[in-house]
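# Results of the structural survey
If you want the building blocks of each chain, they are given just below.
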Amino acid sequence: MYVAMTDIGPLSSGNRTSLVPGFSPAVRSPWHDPAWHYIIDLDGTLIRDGAAMPGAAALLEALHGRYAIVSNNSTDTAVGMARKLRKMGLVVAPAQLVLAGEMTVNWLWQTSPSARVYLLGSPVLRRYAQRVGCRLVEQNPDVVLLALDRAFNYRKLLLAVNVLRTGARLIVTNPDLSHPGGNGRRVPETGTLLAAVLACADVRPVSIIGKPSDVLFREGLRRLRAKPAQTLMIGDNPATDAAGAVAMGMSYLLLGTGPEAEAETPAQLLETWGTRHTHL
Ligand SMILES: [Mg+2]
């Protein structure tokens with residue numbers, strides 16, 4: 001169901017694809033084959049620093065609704081994110097967004113509805129958890145739920161470390177250490193806060209719900225009614241997007257500037273697909 005942090009091993013490149021294996025050579029462009037579905041990452045793949053990346057809207061349009069956006073974002077709800085995306089020119093329905101923070105709260109509520117939860121996260125995620133029915137506490141929690149908390153501080157660290165040392169479970173929305181900001185900046189993420197907690201608490205196991213674990217991928221596939229073998233993951237992070245896709249038996253394709261990247265932006269990807277698949 002979920003992975004311990006220590007289980008995230010080296011990447012396999014078994015399913016890496018440059019020309020999307022499985023597509024018939026007669027298929028003019030991958031998105032013309034209705035049998036295929038797409039799971040798409042958000043940060044660094046469709047948006048960057050609060051703006052849509054070049055070609056992001058065109059890519060979504062080309063996929064004719066056969067996609068789910070699966071993101072390790074832990075600060076927003078799907079409804080709030082859909083609103084933000086619309087302002088960036090990306091029209092996406094909340095039902096097409098699978099976000100790590102919201103999914104972690106849902107999972108926790110479904111598996112441990114009576115748990116007393118110490119939640120470190122955004123005000124939006126706290127409100128969502130309360131709305132769902134989670135019991136948020138600051139004393140004697142059964143669970144520490146760690147998400148990206150931009151108000152993380154020493155007091156919170158002190159509290160979290162000590163309740164974990166006396167038996168509370170640690171559940172984490174996503175393992176990312178950072179995500180890209182504007183002007184080459186690096187934005188510290190939940191994984192960095194987790195490193196601070198683990199440096200002092202030394203607790204195992206740690207349940208991490210976001211990619212590369214299977215929880216978000218499975219939810220994306222469920223919403224699409226898609227089979228992994230005919231689903232392509234488009235992302236920018238080898239450790240979360242690619243590793244998770246490989247573990248699920250899905251093909252993947254990376255954007256960005258890394259050595260494995262197929263294209264730098266969605267616009268370049270569309271260009272690549274357009275020129276490489278024009279056999280008909
Ligand atoms: Mg990303």
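Everything below is about the structure shown above.
Reference entry: report on the structure contained in this document. (Residues numbered from 1 in each chain as written. Predicted model: local features only at pLDDT ≥ 70, side-chain atom pairs only at ≥ 80, totals over all residues.)

What follows concerns the sheet that holds strand β1 (residues 37–40). Taken in spatial order, the 5 strands make up an open sheet running β5-β4-β1-β13-β14, and their pairing is parallel. Looking at the sheet topology across the chains shown, the edges are occupied by β5 (97–99) and β14 (251–254). Taking the axes of each pair of neighbouring strands and ignoring which way they run, one obtains an average angle of 20° across the sheet. Judged from the 4 bridges that link them, β1 and strand β13 (residues 231–235) form a sheet pairing that is parallel. Along β13, the bridge assignment pairs I40 with I234. Of the strands in this sheet, β4 (67–71) and β5 are in contact with helix α3 (residues 100–111), which crosses β5 at around 70°. (Pairing = 2+ DSSP bridges. Helix = DSSP H or I, 4+ residues; strand = E, 2+ residues; numbered from the N terminus. Axes fitted to C-alpha atoms, helices over the stretch in contact; angles between N-to-C directions. Contact = placed C-beta atoms within 7 Å.)

All right, on to the nonpolar core then. Among the nonpolar cores identified, the biggest contains 77 residues, and I69, V98, V144, L145, L146, L232 and Y252 are the most heavily contacted of them. Top contributing element to this core by residue count: helix α8 (residues 238–248), with 6 residues. (Core = buried A, V, L, I, M, F, W, Y, C linked by C-beta atoms within 7 Å. Buried ≥ 20, exposed ≤ 12 C-beta atoms within 10 Å, placed from the backbone.)

The strand order across the open sheet built from 5 strands is β7-β6-β8-β9-β12, with neighbouring strands paired in parallel fashion. Edge positions in the open sheet fall to β7 (135–136) and β12 (206–208), since each of these has one partner strand only. Sheet topology note: the strand β6 (residues 116–120)/strand β8 (residues 143–146) ladder contains 4 bridges and is parallel. Bridging across to β8, L120 finds its partner in L146. The strands touched by helix α5 (residues 154–165) are β6, β8 and β9 (169–172); relative to β6, the strand with the most contacts, the crossing angle is about 145°. The strands touched by helix α6 (residues 190–201) are β8 and β9; relative to β8, the strand with the most contacts, the crossing angle is about 140°.

Counting through the fold element by element, C134 comes out in the loop between α4 (123–132) and β7. For the pair C134 and A115, spaced 19 residues apart in sequence, the C-alpha separation works out to 7.5 Å. Setting aside its immediate chain neighbours within four residues, C134 contacts V105, L108, W109, V117 and A129.

Limitation: the analysis is restricted to geometry and does not speak to function.
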